[in-house]
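Here's the letter readout for the chains.
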Amino acid sequence: MTTHVDTEIAAQPDCWRRAARLAAERAELLPRPGERVAVVGCGTSYFIARSYAALRESLGAGETDAFPASDPTPLGRRYDRIVALTRSGTTTEVAALLDGAAGRIPTLVLTAVPDSPAARRADAVLDLAFADERSVVQTRFPTTALQLLRAGLGVDLAPSITDAELALYEPLPAAWTTHRQFTFLGTGWTVGLADEAALKLRGAARAWAESYPAMEYRHGPISISDPGSLVWCVGPVPSGLADEVLATGARFVADAVDPVAALVRAQRLAVALAGRRGLNPDRPRNLTRSVILAGAR
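To start, this report covers the structure provided alongside it.

Analysis parameters
- Residues numbered from 1 in each chain as written.
- Predicted model: local features only at pLDDT ≥ 70, side-chain atom pairs only at ≥ 80, totals over all residues.
- Heavy atoms only, no water.
- Helix = DSSP H or I, 4+ residues; strand = E, 2+ residues; numbered from the N terminus.
- Expected span 1.5 Å × (residues − 1).
- Buried < 20%, exposed > 50% of the residue type's maximum accessible area, 1.4 Å probe, protein only.
- Polar contact = N/O pair within 3.5 Å; in protein donor to acceptor, adjacent residues only side chain to side chain.
- Axes fitted to C-alpha atoms, helices over the stretch in contact; angles between N-to-C directions.
- Parallel < 35°, antiparallel > 145°, perpendicular 65-115°, else oblique.
- Contact = heavy atoms within 4.5 Å.
- Nonpolar A, V, L, I, M, F, W, Y, C, P; charged D, E, K, R; others polar.
- Pairing = 2+ DSSP bridges.
- Salt bridge = Lys/Arg side-chain N within 4 Å of Asp/Glu carboxyl O.
- Left-handed = near helix turned anticlockwise from the far one by under 90°.

**A closer look at helix H11 (residues 259-276)**
Phase 1 of the analysis: Here H11 contains 18 residues, and its C-alpha end-to-end distance of 26 Å stays within 8% of the 26 Å for a straight helix at 1.5 Å per residue.
Phase 2 of the analysis: Burial of H11 is extensive: 14 of the 18 residues sit out of reach of the surface.
Phase 3 of the analysis: Near the N-terminus of H11, the side chain that reaches the backbone nitrogen of Val 260, with its oxygen 3.0 Å away, is that of Asp 258.
Phase 4 of the analysis: Following H11 by one or two positions, Gly 278 adopts a phi angle in the positive range, close to 75°.

Next comes the structure, spelled out in C-alpha cells:
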C-alpha cells in the first residue's frame with residue numbers, strides 16, 4: 001500500500017527545485033547578510049530552524065539563534081528579524097510568539113497555509129503550499145523550507161537534488177529494518193538533521209531512536225550501542241568515530257550524499273520500519289497535524 005508519506009517523500013526533489021526558484025524570486029524577504037536573526041519552530045520545524053541557524057553562522061552570514069517557539073527568549077533580545085517555520089500556520093506557540101514580536105521585530109513566516117493565523121500575524125510570508133502534506137508526519141515541507149533558506153544563503157541546490165533522486169532510487173538495505181535501536185549523529189548544522197531523523201523513526205515507527213552531536217555521543221551515549229544498534233552519521237564523520245562504533249558491534253552508516261538528501265533516506269527507513277511493524281506512518285499514535293492548545297485564539 002502506498003501511503004501519503006510515501007508520495008510526499010518522493011516529491012522532494014521537485015519541491016526543492018521550486019524552492020530554489022522561489023528563493024531567487026523573493027530574495028528580498030529572506031534574512032540579509034549581517035542581520036541578527038532568530039529562527040523558531042516547534043518539533044520538526046524547530047530542528048530545521050537549528051540546522052539553518054548553524055549553517056547561516058558557519059557561512060558568515062550573521063549571528064543566528066534557533067529557539068523552540070514555546071520559549072519566549074527571542075522576544076527579550078535584540079534581533080533584526082524573526083523567521084518562523086510552521087507547516088499548518090496554526091501552532092499555538094508560533095502564533096503567540098508572533099503576537100509578542102508585532103511592532104517590535106520584523107517577522108517572516110514560511111508556511112504551507114498562507115491564509116493561516118501565523119501568516120496573518122507576520123510581516124512577510126513565503127508560501128510553500130506546493131510542499132504541503134496530507135500525512136501527519138512531516139517530510140517534504142521541512143526539507144523544502146530548509147532548502148529554500150539554504151538557497152537564500154547562496155548554496156547551489158543542484159547537487160543535493162541529484163543526491164535526493166539517488167536516495168529515492170537506491171533500495172534500502174533490508175537489514176536496516178531488523179535493528180531494535182537507532183542513533184543518529186551530526187556535526188555543525190547537521191545536528192538538527194540528526195535530531196529530525198530520530199524524530200521520524202519515533203513518530204512514524206515507534207522506534208527506539210536517539211540523536212546526539214557526534215562528538216558528544218562518545219561521552220556516554222555510546223554505551224547503549226551494541227549489535228542490535230544502527231548508528232548513522234549525517235554529514236562529515238569525525239576521525240576515529242566509525243571504528244569506535246564498530247567496536248561496540250553496532251552497524252555504522254555514513255552517507256557521502258548531501259546531508260538533506262541523507263535525511264530523505266532516513267525518512268524512507270522510518271516508513272519501512274512502520275511497515276515491518278504493521279503501523280500506518282500517516283497516522284502516528286498520539287500526534288496531530290498541528291498542536292493547538294486549549295483556550296488559544
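Having seen the structure, we can now continue with the description.
**Points about the packing of helix H6 (residues 140-152) against H11**
Phase 1 of the analysis: Between H6 and H11, the shortest axis-to-axis distance is 11 Å and the interhelical angle comes to 175°. The angle between the axes of H6 and H11 places the two elements in the roughly antiparallel class. In contact with Thr 143, Leu 146, Gln 147 and Arg 150 of H6, H11 contributes Val 260, Leu 263 and Gln 267.
Phase 2 of the analysis: Taken together, the residues of the contact of H6 with H11 break down into 3 nonpolar, 3 polar and 1 charged.

**Describing the sheet that holds strand S4 (residues 107-111)**
Phase 1 of the analysis: The 5 strands are arranged S2-S1-S3-S4-S5 in an open sheet whose pairing can be described as parallel. Every interior strand has two partners, whereas the edge strands, strand S2 (64-68) and strand S5 (124-127), have only one. Strand-to-strand twist across the sheet, computed as the mean angle between neighbouring axes with direction ignored, equals 20°.
Phase 2 of the analysis: For strand S3 (residues 81-85) and S4, the ladder comprises 4 bridges, and the chain directions are parallel. By the bridge assignment for S4, Ile 82 is matched with Thr 107.
Phase 3 of the analysis: Sheet contacts for helix H3 (residues 44-58): strand S1 (37-41), S2 and S3; angle to S2, the most-contacted strand, approximately 170°.
Phase 4 of the analysis: Together, S3, S4 and S5 form the strand contacts of H6, whose direction differs from that of S4 by roughly 135°.

**What to know about the sheet that holds strand S8 (residues 229-234)**
Phase 1 of the analysis: As summarised here, the arrangement of the 4 strands in space is S7-S6-S8-S9, forming an open sheet in which the pairing is parallel. The open sheet terminates on both sides in strands that have one partner only, identified here as strand S7 (208-213) and strand S9 (251-254). Averaged over all adjacent pairs, the angle separating strand axes in this sheet is 20°, with direction ignored.
Phase 2 of the analysis: Sheet analysis places strand S6 (residues 181-186) next to S7, joined by 6 bridges and oriented parallel.

**Describing the pattern of salt bridges**
Phase 1 of the analysis: Overall, the coordinates contain 17 salt bridges when judged by the stated rule.
Phase 2 of the analysis: One salt bridge connects Asp 258 with Arg 150, and the closest N-O pair in it is separated by 3.0 Å. Here Asp 258, found in the loop between S9 and H11, pairs with Arg 150, found in helix H6; they are 108 residues apart in sequence, far enough to count as distant. Here the two residues Asp 258 and Arg 150 agree in accessibility, since each one is buried.
Phase 3 of the analysis: For the salt bridge of Lys 200 with Glu 196, the shortest nitrogen-to-oxygen distance reads 2.4 Å. Linking Lys 200 with Glu 196, this pair stays in helix H8 (residues 191-205), spanning 4 residues, or about one helical turn. With respect to burial, Lys 200 and Glu 196 carry one shared label: buried.
Phase 4 of the analysis: Within the structure, one salt-bridge network assembled from shared partners comprises Arg 36, Glu 63, Asp 65 and Arg 77.

**Thoughts on helix H4 (residues 92-101)**
Phase 1 of the analysis: With respect to burial, H4 is a largely interior element, 7 of its 10 residues being buried.
Phase 2 of the analysis: Of the residues making up H4, those classed as buried are Thr 92, Glu 93, Val 94, Ala 95, Leu 97, Leu 98 and Ala 101.
Phase 3 of the analysis: Considering only its buried residues, H4 is in contact with S1, S3, S4 and helix H5 (117-121).
Phase 4 of the analysis: Looking at the residues trailing H4, positive phi occurs at Gly 103, about 80°.

**Considering the packing of H3 against H8**
Phase 1 of the analysis: The geometry of H3 relative to H8 is characterised by a closest axis approach of 7 Å and an angle of 160° between their N-to-C directions. Classified by the angle their axes make, H3 and H8 are roughly antiparallel. The crossing of H3 and H8 is left-handed. For the pair H3 and H8, contact is made by Thr 44, Phe 47, Ile 48, Arg 50 and Ser 51 and by Val 191, Gly 192, Leu 193, Asp 195, Glu 196, Leu 199 and Lys 200, respectively.
Phase 2 of the analysis: A per-class count over the contact of H3 with H8 returns 5 nonpolar, 3 polar and 4 charged.

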